[in-house]
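Read off the chains here:
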Amino acid sequence: KSIGVVLRDLRNPFFSLIVHGGEESASEQGYTLLLSTSSDRPEKEEAQIRHFRRSGVNGLLIASLSHNYHPSPIIRMLLKEDFPLVMISYVKDEDIPFVGTDHELGGYLATEHLIKLGYHRIGYINGERGNLVGEERRRGYLRALHEAGIQAKGELIYRLRLKGGRNDNRSGYEIGEKIAKLRTRPDAVFVYNDLAALGFQEAVMKHGLTVPDDIAIVGFDDIERSAYADVPLTTVRQPTGEIGRKAIDILLQKIEGYRPPIRSVLKPTLVIRESCGAA
C-alpha cells in the first residue's frame, strides 16, 4: 500500500512541510509515501509519474513544477483512466483534484494588517511574470487597499525578475537594493513569499535602512527561516500540515472508490513578528 509523491524539490521548505503532514496521515492508514524530486526538469517529472504508475502505487500526490497552472497531458491521461491523484501545487482548472490555500485571502490579510498599523504607501512584490499564485495574492492586496480607501499605485508594485523558487531570495534582494536607493520609498511592503522577503530584508538593511522603522515587511508561507531572520518576519502562514493531511485523506477516499470534493481551499492565518512594527 503505497503513494507516490512527485515534488519540484525535496529541499523546498513549503512542500516538505506538506509532505510531513501527509506522511503522518498516510502511516495511520497503513500506507507508505515514496518520494521523488523532479529537480526543476519537466521531462523528469513526467518520467517519475510514469515510473510510479508502472511500479503499482495506489495513488499520486503531485506538486508540479509547471508555471502554466494547467495539468500536463500525462496528468490528464491519468484522470481519464480514473487513476487516484491529488495536486498540492496550485492548478487553475476547476476539474482537477487540488488541495491548497486561499491565496487571495492571504494577500488581503497581509495588506489589511499593514493598513491597520497606519501604513499608507504599501508596496507589493509580485512573483515572476506569469505566476498566477502571485496574481491571486495581488488581488487580495488590491482589495484591502480599495476597502481602506487607499489608491493603488503602479510604482509601488514590483515583480521578481528570475523564475523558479531557488531564485526568489536573489530576486527579492535585487528589488531591495533598488528600493533602498529611491528618494521616495514605500513605507511598508507585502512580499509574494518568505524567500523573496528575506532577500529583500537583507538588501535594505545592508543599505542602512532599519526594519520596520524605515520600511515594514510582511511575507507569505511562514517557512522556518522566517522566525530566525535578523528581524523576525511577519508572514502569512499556509496550513501546510493540514494541506498534507487533507490531500492524503482525499486521495485515500479516491483509492477506496469514493467521490470526495474535487477542490479543497483552506484558510491561511497571519503570524505577527517584529518586521511589521506590531510585535
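Preceding this paragraph is the structure being described.
Throughout what follows, the structure given in this document is the object of discussion.

Definitions and cut-offs
Residues numbered from 1 in each chain as written. Predicted model: local features only at pLDDT ≥ 70, side-chain atom pairs only at ≥ 80, totals over all residues. Heavy atoms only, no water. Phe/Tyr/Trp six-rings, centres within 6.5 Å; stacked < 30°, edge-to-face > 60°. Helix = DSSP H or I, 4+ residues; strand = E, 2+ residues; numbered from the N terminus. Buried < 20%, exposed > 50% of the residue type's maximum accessible area, 1.4 Å probe, protein only. Lys NZ or Arg CZ within 6 Å of the ring centre and 35° of its normal. Expected span 1.5 Å × (residues − 1). Contact = heavy atoms within 4.5 Å. Core = buried A, V, L, I, M, F, W, Y, C linked by side-chain atoms within 4.5 Å. Polar contact = N/O pair within 3.5 Å; in protein donor to acceptor, adjacent residues only side chain to side chain.

This part covers the packing of aromatic side chains. What describes a pair of aromatic rings is the distance from one ring centre to the other and the angle between the planes of the rings. Under the criterion given, the structure shown has 4 aromatic pairs. Ring geometry for Phe-190 versus Phe-220: centroids 6.4 Å apart, planes at 40°, classification tilted. Taken together, the positions of Phe-190 in strand E8 (residues 188-191) and Phe-220 in strand E9 (residues 216-221) put the pair 30 residues apart, joining distant regions of the chain. Exposure class is identical for Phe-190 and Phe-220. Each is buried. Following the ring pairs from residue to residue traces out a cluster consisting of Tyr-124, Tyr-141, Phe-190 and Phe-220. Over the ring of Phe-220 we find Arg-137; its NZ or CZ atom is 3.7 Å from the centre of that ring.

The end-to-end C-alpha separation of helix H7 (residues 194-206) is 18 Å, in line with the 18 Å expected for 13 residues at 1.5 Å each. In terms of burial, H7 is a largely internal element, 10 of the 13 residues being buried. Those residues of H7 that sit buried are Asp-194, Leu-195, Ala-196, Ala-197, Leu-198, Gly-199, Phe-200, Gln-201, Ala-203 and Val-204. Residues of H7 that are buried sit in contact with strand E6 (122-126), helix H6 (168-180), E8, E9 and strand E10 (234-237). Once H7 ends, the next one or two residues include Gly-208, with phi positive near 90°.

Our focus in this paragraph is the nonpolar core. Leu-60, Leu-114 and Phe-200 are the most contacted members of the largest nonpolar core, which totals 60 residues. Core analysis: the next-biggest nonpolar cluster, separate from the first, contains 22 residues, Phe-14, Ala-26, Leu-251 and Leu-266 among them.

Turning our attention to the side chain of His-103. In this fold, His-103 is placed in helix H4 (residues 103-116). Classification of His-103 as buried rests on a relative accessible area of 8%. A polar contact of 3.1 Å, which involves the side chain of His-103, links it to the side chain of Arg-137. Sequence-distant contacts of His-103, that is, excluding residues within four places in its chain, are made with Tyr-90, Val-133, Glu-136, Arg-137, Phe-220 and Gln-238.

These results come straight from atomic positions and should not be treated as a statement about function.
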